[in-house]
Amino acid sequence: MTIPEEEQAAALRTVADAGSRRADLLAEADRILREEIRPAAVAAAKVGAERNRIRELARVGPTVLYRWLDEAGLPVRTKKATRPRKDTR
């Protein structure tokens with residue numbers, strides 16, 4: 001028979017292990033994004049690839065892609081101002 005403290009310690013070790021693995025995976029994903037995907041996306045844009053296709057393949061949102069392109073000195077159109085919605089209630 002185990003005592004509650006041992007059960008809690010075992011459960012917390014499981015949480016800690018999963019949390020550590022998750023942190024490692026997130027760090028690796030961030031490294032891949034910065035070191036592989038970003039430069040490849042910018043290079044693709046420089047040779048004229050369609051930006052929506054770059055975004056789809058890179059699996060990033062438009063804000064991220066256009067920020068990368070802007071920082072790389074590529075032309076990016078300015079965001080259109082949105083009109084306020086009419087209250088239709």
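Conventions used here
Residues numbered from 1 in each chain as written. Predicted model: local features only at pLDDT ≥ 70, side-chain atom pairs only at ≥ 80, totals over all residues. Heavy atoms only, no water. Helix = DSSP H or I, 4+ residues; strand = E, 2+ residues; numbered from the N terminus. Rg over C-alpha atoms; globule rule 2.2 N^0.38 Å. Buried < 20%, exposed > 50% of the residue type's maximum accessible area, 1.4 Å probe, protein only. Contact = heavy atoms within 4.5 Å. Core = buried A, V, L, I, M, F, W, Y, C linked by side-chain atoms within 4.5 Å. Salt bridge = Lys/Arg side-chain N within 4 Å of Asp/Glu carboxyl O.

*Asks:* Got a sec to walk through the overall build of the chain? Specific residues and values, please.
*Replies:* Helices and strands together make up the secondary structure of the chain, namely three helices and zero strands. Computed over its C-alpha atoms, the radius of gyration of the chain comes to 22 Å, more than 25% above the 12 Å expected for a compact globule of 89 residues. Expressed as a percentage of its 89 residues, the buried residues of the chain come to 11%. In the chain, once contacts between residues fewer than 6 apart in sequence are set aside, the share between residues at least 24 apart is 50%.

*Asks:* How would you summarise the environment of Leu33 if you had to cite specific residues and measurements?
*Replies:* If you trace the backbone, Leu33 turns up in helix H1 (residues 4–46). As a C-alpha pair, Leu33 and Arg67 span 34 residues in sequence and 14 Å in three-dimensional space. Apart from the residues lying within four places of it in its own chain, the contact partners of Leu33 are Arg38, Val60 and Trp68.

*Asks:* Could you give an account of the nonpolar core, naming the residues involved and the relevant values?
*Replies:* Ranked by size, the top nonpolar core spans 10 residues in total: Ala41, Val42, Ala45, Ile54, Ala58, Val60, Leu65, Trp68, Leu69 and Leu74. Once residues lying within four places of it in the same chain are set aside, the contact partners of Ala41 are Ile54, Leu65 and Trp68.

*Asks:* Could you give me a rundown of the pattern of salt bridges, with the residues and numbers involved?
*Replies:* Considering all chains together, one arrives at eight salt bridges under this definition. In this structure, Arg31 engages Glu36 in a salt bridge whose closest nitrogen and oxygen atoms are separated by 3.3 Å. Within the structure, one salt-bridge network assembled from shared partners comprises Glu28, Arg31, Glu35 and Glu36.

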